[in-house]
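# Structural overview for review
For reference, the chains in residue letters:
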Amino acid sequence: MVIIAQAGRVLAGTDPSAAVEALEGIEEEGARTLEEMRAMVAALRDRGVGAELAPPAGVADLERLVRTPGGRLRVDLGLDGELDALPPAVDAAVYRIVQESVTNALRHAVDATELVVRVAAERHTVRVSVRDDGRRTGRGRDGYGLTGLRERATLLGGTLRVGPGADRGWHVEAELPRARSESGVHSRARR
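Our subject in this report is the structure included herewith.

Procedures and definitions
- Residues numbered from 1 in each chain as written.
- Predicted model: local features only at pLDDT ≥ 70, side-chain atom pairs only at ≥ 80, totals over all residues.
- Heavy atoms only, no water.
- Core = buried A, V, L, I, M, F, W, Y, C linked by side-chain atoms within 4.5 Å.
- Buried < 20%, exposed > 50% of the residue type's maximum accessible area, 1.4 Å probe, protein only.
- Helix = DSSP H or I, 4+ residues; strand = E, 2+ residues; numbered from the N terminus.
- Contact = heavy atoms within 4.5 Å.
- Salt bridge = Lys/Arg side-chain N within 4 Å of Asp/Glu carboxyl O.
- Polar contact = N/O pair within 3.5 Å; in protein donor to acceptor, adjacent residues only side chain to side chain.
- Pairing = 2+ DSSP bridges.
- Axes fitted to C-alpha atoms, helices over the stretch in contact; angles between N-to-C directions.

To continue, consider the nonpolar core. Formed by 35 residues in total, the largest nonpolar core has its most connected members in Leu62, Val94, Ile97, Val98, Val119, Val128 and Leu176. Mapped onto this core, the elements with two or more residues apiece are helix H3 (62-65), strand E1 (74-80), helix H4 (88-108), strand E2 (114-121), strand E3 (125-132), helix H5 (144-155) and strand E5 (170-177). In terms of residue count, the dominant contributor to this core is H4 (8 residues). Every residue in contact with Leu176, bar those within four places of it in the chain, is listed here: Val90, Ala93, Val94, Ile97, His124, Thr125, Val126, Ala153, Leu156 and Gly158.

Here the focus is the pattern of salt bridges. Taken as a whole and assessed by the stated rule, the structure comprises 7 salt bridges. Taking the shortest distance from any N to any O, the salt bridge between Glu114 and Arg74 comes out at 2.1 Å. Pair noted here: Glu114 is in strand E2 and Arg74 is in strand E1, with a separation of 40 residues, a long-range link. Judged by its relative accessible area of 22%, Glu114 is partly exposed. With its nearest N and O atoms 2.9 Å apart, the salt bridge here joins Asp76 to Arg118. Here Arg118 lies in strand E2 and Asp76 lies in strand E1, a separation of 42 residues in the sequence.

With that settled, the discussion passes to the environment of Gly163. Tracing the chain through its elements places Gly163 in strand E4 (residues 159-164). Along the primary structure Gly163 and Arg131 are separated by 32 residues, whereas in three dimensions their C-alpha atoms are 9.9 Å apart.

This next bit is on the side chain of Glu175. Residue position: Glu175 is located in strand E5. Among the residues examined, Glu175 registers a relative accessible area of 16% and is labelled buried. Polar side-chain contacts of Glu175 include one of 2.5 Å to the side chain of Arg127.

Attention shifts here to the sheet that holds E5. If you walk across this open sheet you meet the 5 strands as E1-E2-E3-E5-E4, and the pairing is mixed. Whereas interior strands pair on both sides, the edge strands pair on one side only; in this sheet they are E1 and E4. Averaged over all adjacent pairs, the angle separating strand axes in this sheet is 5°, with direction ignored. In the sheet, E2 pairs with E3 via 7 bridges, with the strands oriented antiparallel. Within E3, the position partnered with Val117 by the bridge is Val130.

This is how it looks when you write it as structure tokens:
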């Protein structure tokens, strides 16, 4: 929300409609966050009895996520395969991977003009790819966001790789298992 607010402030003088769009995005995220916070407080007060939490954001929310205020980066979103019936943890992980990758590209991609996001559901896996076309500036370091995404992918039995592209930009690649094994735990991807 802070990044969107900063972009909106920069655009307010030159493109008021983009600033309004940024404010609408902040309002939506703020409202969702408040609802989740209220539900969490209610759950803590009532020790979880009757608490209803809003579902976490997932693949269905990606279109809204990739609308960037002011169009600094053109985002090409491609969704392929059966993505409607993913387990909630996988659905939320896909969203978080794309969200963190888009945020990082907006913050750190030098001279980038395009961000290509692909989410593809296969029979047993879901693949997520996010690539920007920015100038390579050397090796970056994983912050808390990327570390958290790697841990989330591992807990689901998947993998997450990040790093500079061969020619340009930064790439994030994830492979997550589509379904749980009979034991209820996500199975590790076979090599």
